[in-house]
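# Examining the three-dimensional arrangement
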Amino acid sequence: MAARFTTIAAEAAHPDDSVASVFHCAPILIVLRIDNIRSIAKAYGEAAALAAQQHLEAAVAGLATTHIADRALGRLDAALVVPGSPEHFTQQLRSVLARSPIRHLDISIFLTVSSAWSAATFSSGADISPAGFAALHDALGAPPPACPDTARYRRDMATAAQVFTAVAEGRLFPAWQAVSGEDDILYHECLLRLVGDDTPAVSDAITALERTGLVRAFDQIMVSLVLDELEADPAVRLAVNVSAASALLDSWWDEALARLRSNPAAARRLIVEITETAAFASISSAARFTSALRELGCRIAIDDFGMGFSSVRSVLALSPDYVKVDAFFLHRAGQSARCRSALAHMIGLAGTLAAGVIVEGVETEADSRLVASLGADWQQGHYIHFPSTLRPWIARRNAPAAANGFASTMTASEAAAFLPANSPQRSIGLSG
């Protein structure tokens, strides 16, 4: 489920005594909106949209004592009594909706939900009549329009369902690839592998998740996975990719930020790579997001620079530690002097925007030499290190450096010896 949770101050007004008599305590006010309700209705019909509304209300009722103040198709205004904090409730709701899609005509449909809530206390005189929700509606803003292409939306939703099914069935594996310099490895980036005959290509999966608004739920799965690795190994430095759509400082990040605050050493070894295959919700919000991570000790990288929605303006606003020049420019550099000049220009420009420049797509020794001659600090690609679902940094600690000075690639058999006996990667024998 993709969601945006906004906390705002409640307006002082008159309490609703009928609600107080039901709850005998102070409710929170919450507005929930199914952002893709129009797309669901357009792509699957009104019956599917009604099922989505019922699914949301059932999920809320399963987590909290609920007094519904108002409802409309795709929206729910309610006063809730929740166990624990409102933040905990929103996390639980996200989890329920992410693992439990609605089923309509044997099709899985996931909901993307936005929410605004007020933690006003009953004693303060919060208005819990329908009029008291007006400020919360304003906080959500205008609802998204319906998808322009219903056939593509249905295909994207089917792809998203394949991804989340693979996650639920344990068929998602991290694949680690080093970003390396001549003397050392900067970090290992967490890529992903989806295993199974019916799984989509990774690039297609990410595109579908972004277009359906479900990428934020997936990003949090990957963030949690990388934090697990950082907490388990006190020496490794790891990077996780998040979509530009996830670069918002809201309650989606509450759990991850809490883990980083409680483990500053892990935070200092985390690099968050922001991919701009989708547009930022706003550059100012993304800047607040990167600032908050940097304050905890994390480092920021801009991925695929020169492609997608990335721009010099957005990179400047985010003040990244690293800029990764897209492989496109290196792969074209051998075609002509002009293309080589374009690569040199991109490396030089990246160097003015960040302290470290990484060039992606280094596939041959000639690529590596060219990149080094143009002044890039770090390199990434199959010539440097082939992605592996094993943990290559464990094997490398006792391995000699490769002849070219870069980290050598560990084979599956070499690295498997360093994995726990019950490791799923070891038992399955997967390699990158």
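Further up the page is the structure itself.
To keep things clear, this report deals only with the structure shown in the data block. All figures in this text were calculated on a predicted structure; none of them were measured in a lab. (Residues numbered from 1 in each chain as written. Predicted model: local features only at pLDDT ≥ 70, side-chain atom pairs only at ≥ 80, totals over all residues. Heavy atoms only, no water.)

## Things to note about the overall build of the protein chain
Along the protein chain, the regular secondary structure elements total 18 helices and 15 strands. Scored against the burial criterion, the 432 residues of the protein chain give a buried share of 52%. Residue pairs at least 24 apart in sequence account for 72% of intrachain contacts in the protein chain once pairs closer than 6 positions are excluded. (Helix = DSSP H or I, 4+ residues; strand = E, 2+ residues; numbered from the N terminus. Buried < 20%, exposed > 50% of the residue type's maximum accessible area, 1.4 Å probe, protein only. Contact = heavy atoms within 4.5 Å.)

## With respect to the packing of helix H3 (residues 46-61) against helix H4 (residues 86-99)
As a packed pair, H3 and H4 sit with axes 10 Å apart at the nearest point and diverge in direction by 135°. The orientation of H3 relative to H4 falls into the category oblique. Considering only the axes of H3 and H4, their crossing is right-handed. Along its contact with H3, which presents His 55, Leu 56, Ala 59 and Val 60, the element H4 presents Phe 89, Leu 93, Val 96 and Leu 97. Partitioned by chemical class, the residues of the contact of H3 with H4 number seven nonpolar, one polar and no charged. (Axes fitted to C-alpha atoms, helices over the stretch in contact; angles between N-to-C directions. Parallel < 35°, antiparallel > 145°, perpendicular 65-115°, else oblique. Left-handed = near helix turned anticlockwise from the far one by under 90°. Nonpolar A, V, L, I, M, F, W, Y, C, P; charged D, E, K, R; others polar.)

## A closer look at the side chain of Arg 259
If you trace the backbone, Arg 259 turns up in helix H9 (residues 254-262). When its relative accessible area of 16% is taken as the criterion, Arg 259 is described as buried.

## Regarding the pairing of strand S14 (residues 356-359)
Side-chain direction in a regular strand flips from residue to residue, so the side chains alternate between the two faces of the sheet. Of the two faces of S14, the one lined by Gly 356 and Ile 358 and the one lined by Val 357 and Val 359 are each fully buried. Sheet analysis places strand S13 (residues 322-325) next to S14, joined by four bridges and oriented parallel. Bridge pairing links Val 323 to Val 357 in S14. Both S14 and strand S15 (residues 378-379) contribute to a ladder of two bridges, which runs parallel. Each bridged residue has a counterpart across the sheet, and for Ile 358 the counterpart in S15 is Trp 378. Once the chain exits S14 it traverses helix H15 (residues 365-373) before rejoining the sheet at S15, and the crossover so formed is right-handed. (Pairing = 2+ DSSP bridges. Right-handed = clockwise from strand over helix to strand, strands pointing away.)

## Notes on the pattern of salt bridges
Enumeration over the complete set of coordinates arrives at 17 salt bridges. A salt bridge links Arg 391 to Glu 229, with the shortest nitrogen-to-oxygen separation between them at 3.0 Å. In this pair, Arg 391 is assigned in the loop between S15 and helix H16 (392-396) and Glu 229 in helix H8 (residues 215-232), connecting sequence segments 162 residues apart. One exposure class covers both Arg 391 and Glu 229, and it is buried. Between Glu 273 and Lys 324 there is a salt bridge, with the nearest N and O atoms lying 3.0 Å from each other. Within this pair, whereas Glu 273 is found in strand S11 (residues 270-275), its partner Lys 324 is found in strand S13, the two being separated by 51 residues in sequence. (Salt bridge = Lys/Arg side-chain N within 4 Å of Asp/Glu carboxyl O.)

## Remarks on the packing of aromatic side chains
Applying the stated rule across the entire model yields six aromatic pairs. For the pair Trp 253 and Phe 289, a centre-to-centre distance of 5.0 Å together with 55° between the ring planes defines the contact as tilted. Taken together, the positions of Trp 253 in the loop between strand S10 (238-243) and H9 and Phe 289 in helix H11 (residues 283-295) put the pair 36 residues apart, joining distant regions of the chain. Each member of the pair, Trp 253 as well as Phe 289, is classed as buried. Seen from their ring centres, Phe 328 and Phe 329 are 5.3 Å apart, and the 85° between their planes marks the pair as edge-to-face. Overall, the relative accessible area of 34% leaves Phe 328 in the partly exposed class. (Phe/Tyr/Trp six-rings, centres within 6.5 Å; stacked < 30°, edge-to-face > 60°.)

## Remarks on H11
Between its first and last C-alpha, H11 extends 18 Å over 13 residues, near the 18 Å set by a 1.5 Å rise per residue. Buried within H11 we find Ile 283, Ser 285, Ala 286, Ala 287, Phe 289, Thr 290, Ala 292 and Leu 293. Against the buried residues of H11 lie H9, S11, strand S12 (299-305) and helix H12 (312-318). Positive phi appears at Gly 297, one or two residues downstream of H11, with a value of about 110°. (Expected span 1.5 Å × (residues − 1).)

## A look at the packing of helix H2 (residues 37-44) against H3
Their axes nearest at 6 Å, the elements H2 and H3 cross at an angle of 145°. Facing H2, whose interface residues are Ile 37, Ile 40, Ala 41 and Tyr 44, H3 presents Glu 46, Ala 48, Ala 49 and Ala 52.

## A word on the pairing of S12
With six of seven residues buried, S12 lies mostly within the body of the structure. Relative to S12, S11 is paired through five bridges, and the arrangement is parallel. Across the sheet, Thr 275 pairs through a bridge with Asp 303, a residue of S12. After leaving S11, the chain enters H11 and then returns to the sheet as S12, a path that is right-handed. Across three bridges, S12 lies against S13 in parallel orientation. Following the sheet pairing, Ile 302 is matched in S13 by Val 323.

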